[in-house]
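Listed below are the residues making up each chain.
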Amino acid sequence: MFSNYLIGLREGLEASLVVCILIAYLVKTGRRDAIKPIWAGIGVAIAIAMGFGCALEFGSQELTFQAQEALGGSLSIVAVGLVTWMVFWMRRTARNLRSELHGKLDAALKLGTGALVATAFLAVGREGLETALFVWASVHAASDGTPRPLVGVALGLATAVLLGWLFYRGALKINLAKFFTWTGGMLVVVAAGVLAYGFHDLQEADWVPGLNDLAFDISGAIPPDSWYGTLLKGVFNFQPDPTVVQITVWALYLVPVLGLFLSPVGFASGKGKVKEPDEQGTRPSAASQA
C-alpha cells in the first residue's frame, strides 16, 4: 500500500504543481479569462488517463492467462522505462519548470483558446498517462486480492491535490529539488520490484525461460500471507521465492540506476553539481508568480 501511496503522491504532485503554476501565472498577469480553457484541457487529460487505466484493467481480463501475463510483463517493462525517464527529467528540470511552463503559456495566449486547452492537456496528459500505466503495473505486481493498493494510490493522489492547493495558496514552502530527489529514489526502488515482477510475468507467459529456476526460497521464514510478508510485498514488491532471472534483472536495474540518480553530478545543471532552488523559488502562490 505504501509503494502505491508513494506513486500517487509523487506523480500526482507533479501534475498538481503544473496546474497551480499555470493558474497562478494567469491570475498574476490578469488573464483570468483564460483559466476556463486551462481547466478544460486538464479535464480532458484526466478523463483520457482514467479511460486508459480502465482499458488496461478491463481489456486485459478478456485475454487468456498467457496473453494476460505477456501483456502485464510487457507493460510493466514499458512503465518502468517511462518512470525512470520521468524521475531523471524532473530532477534535471525542477528548478526551471516554472519558467518553462510560463514560456509555453505565453505562446498559447497569443494563439487563442484552442492553444490554451492543448497546452494544459499536454502538460497534464503526459503525467496522467504515465501515472495510469505505472499504477496499473504496480497494482498488478503488488495486488493481494484486496483494494489496499488502489486505496494507497487514491490517498497519494488526494495528498498531492492538497499539497498543490497549499502551494497555490502560498501556505506551504518546501525544497522541491530535495523532495523529488528523495521520492524519486524511493520510486526507483519500487520500479525495480515492478520490473522483476514484469519479467516473472513474461516467464509465466513462456516468453522468458527459467520459471522453475529459483534463486532462493525463504517462504518458510517469510510466508507471503503473513503480515510482514504482505508489508514487504506492498512496499518493495518483495517475493520470497524469486527466480534467478528476477534477481538478476532487479540488481542490474537498481544498482546502476539508483547510483546514477543519487549521483551529485551530470544530471541537473550539466556542469558538475546539482543546483538546489532557493526556498522562495519553491512556492508557486498566486501572489508571488511572475
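Residues numbered from 1 in each chain as written. Predicted model: local features only at pLDDT ≥ 70, side-chain atom pairs only at ≥ 80, totals over all residues. Heavy atoms only, no water.

1. Description of helix α9 (residues 244–262)
Then step 1. With 19 residues, α9 ought to run about 27 Å at 1.5 Å a step, and its terminal C-alpha atoms sit 27 Å apart, in line with that.
Then step 2. For α9, the set of buried residues is Gln246, Val249, Tyr253, Leu254, Val257 and Phe261. Take α9 and look down its axis: the buried residues cluster within an arc of 110 degrees, on one side only. What points out from α9, more than 90 degrees from its buried face, is the exposed set Leu252 and Val255. (Helix = DSSP H or I, 4+ residues; strand = E, 2+ residues; numbered from the N terminus. Expected span 1.5 Å × (residues − 1). Buried < 20%, exposed > 50% of the residue type's maximum accessible area, 1.4 Å probe, protein only. Arc of directions from axis to C-beta.)

2. What about the environment of Leu26?
Then step 1. Residue position: Leu26 is located in helix α1 (residues 2–28).
Then step 2. The spatial distance from the C-alpha of Leu26 to the C-alpha of Asp106 is 9.6 Å, given a sequence separation of 80 residues.
Then step 3. When residues no more than four places from it in sequence are discounted, the contact partners of Leu26 are Arg31, Arg32, Ala34, Ile35, Ile38, Leu105 and Leu109. (Contact = heavy atoms within 4.5 Å.)

3. Points about the nonpolar core
Then step 1. Leu13, Ile23, Leu26, Ile38, Leu105, Leu116 and Val124 are the most contacted members of the largest nonpolar core, which has 36 residues in total.
Then step 2. At the level of elements, α1, α2 (35–60), α3 (65–93), α4 (97–111), α5 (113–142), α6 (148–169) and α7 (176–204) are the ones that each hand at least two residues to this core.
Then step 3. With 14 residues, the top contributor of residues to this core is α1.
Then step 4. Excluding residues within four positions of it along the chain, Leu13 makes contact with Gly8, Ala160, Leu163, Gly164, Phe167 and Phe179.
Then step 5. Among the nonpolar cores identified, the runner-up in size contains 29 residues, and Phe88, Val135, Val153 and Phe261 belong to it. (Core = buried A, V, L, I, M, F, W, Y, C linked by side-chain atoms within 4.5 Å.)

4. Some remarks on the side chain of Glu69
Then step 1. Tracing the backbone through its elements, the reader meets Glu69 in helix α3.
Then step 2. What Glu69 contacts, discounting residues up to four positions off in sequence, is Asp201, Leu202, Glu204 and Ala205.

Keep in mind that these numbers describe shape and distance, not what the molecule does.
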